[in-house]
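Next come the chains, spelled out residue by residue.
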Amino acid sequence: MTGEEIYRFTQETLLSLARAAGVGVEFMEPIVLMGKLRIHKTPEKDDAYYWRSQLLLRVRRERTPDGTNWTFFGADSSRIITLFQEKRKKQE
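The notes below deal with the structure included here. (Residues numbered from 1 in each chain as written. Predicted model: local features only at pLDDT ≥ 70, side-chain atom pairs only at ≥ 80, totals over all residues. Heavy atoms only, no water.)

Remarks on the nonpolar core
Here is step 1 of the chain: Among the nonpolar cores identified, the biggest contains 15 residues, and Leu14, Leu56, Leu57, Val59 and Phe72 are the most heavily contacted of them.
Here is step 2 of the chain: For this core, the secondary structure elements donating two or more residues are α1 (3-20), β2 (47-51), β3 (54-64) and β4 (67-74).
Here is step 3 of the chain: Non-local contacts of Leu14, meaning those with residues more than four positions away in its chain, are made with Leu37, Tyr49, Leu56 and Leu57. (Core = buried A, V, L, I, M, F, W, Y, C linked by side-chain atoms within 4.5 Å. Buried < 20%, exposed > 50% of the residue type's maximum accessible area, 1.4 Å probe, protein only. Helix = DSSP H or I, 4+ residues; strand = E, 2+ residues; numbered from the N terminus. Contact = heavy atoms within 4.5 Å.)

Comments concerning the packing of aromatic side chains
Here is step 1 of the chain: One pass over the full model with this rule turns up one aromatic pair.
Here is step 2 of the chain: Ring geometry for Phe9 against Phe72: centres 4.9 Å apart, planes inclined by 80°, an arrangement best described as edge-to-face. Here Phe72 lies in strand β4 and Phe9 lies in helix α1, a separation of 63 residues in the sequence. (Phe/Tyr/Trp six-rings, centres within 6.5 Å; stacked < 30°, edge-to-face > 60°.)

Some points on the pairing of strand β5 (residues 79-86)
Both faces of the sheet carry side chains from a regular strand, because those side chains alternate between them.
Here is step 1 of the chain: In terms of strand pairing, β4 meets β5 through seven bridges, oriented antiparallel. Residue Thr71 lies in a different strand from β5, and its bridge partner there is Thr82.
Here is step 2 of the chain: Hairpin connection, β4 to β5: the antiparallel pair is bridged by four residues, and Ser77 has positive phi, about 70°. (Pairing = 2+ DSSP bridges.)

Looking at the sheet that holds β3
Here is step 1 of the chain: Overall, antiparallel pairing links the five strands, which are arranged β1-β2-β3-β4-β5 in an open sheet. Across the chains shown, the open sheet's two edge strands, defined by having one partner strand only, are β1 (37-41) and β5. The mean inter-strand angle of the sheet, taken between neighbouring strand axes irrespective of direction, is 20°.
Here is step 2 of the chain: Where β2 meets β3, five bridges bridge the pair, whose relative direction is antiparallel. For Ala48, the partnering residue across the bridge sits in β3 and is Arg58.
Here is step 3 of the chain: Together, β1, β2, β3, β4 and β5 form the strand contacts of α1, whose direction differs from that of β3 by roughly 160°. (Axes fitted to C-alpha atoms, helices over the stretch in contact; angles between N-to-C directions.)

See the structure below:
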């Protein structure tokens, strides 16, 4: 996957999880929604996404020689999915 695909997947997942938590994302301007969404680094260096004080999603990045594994976890720490982002090849 590309970085853009990972970014879109993250956004779609956050919107779905916010909707499931009762947030009316359809009625919010994107800037309002993003203003209320908070991102914190965990001690393990994961990105933890919160809606107000409610954890929605945690994302762990693990770099490898070939690229990066992005593992997505739900609020209950269950693994949702792991996506692989290949390293971009240098332009010659």
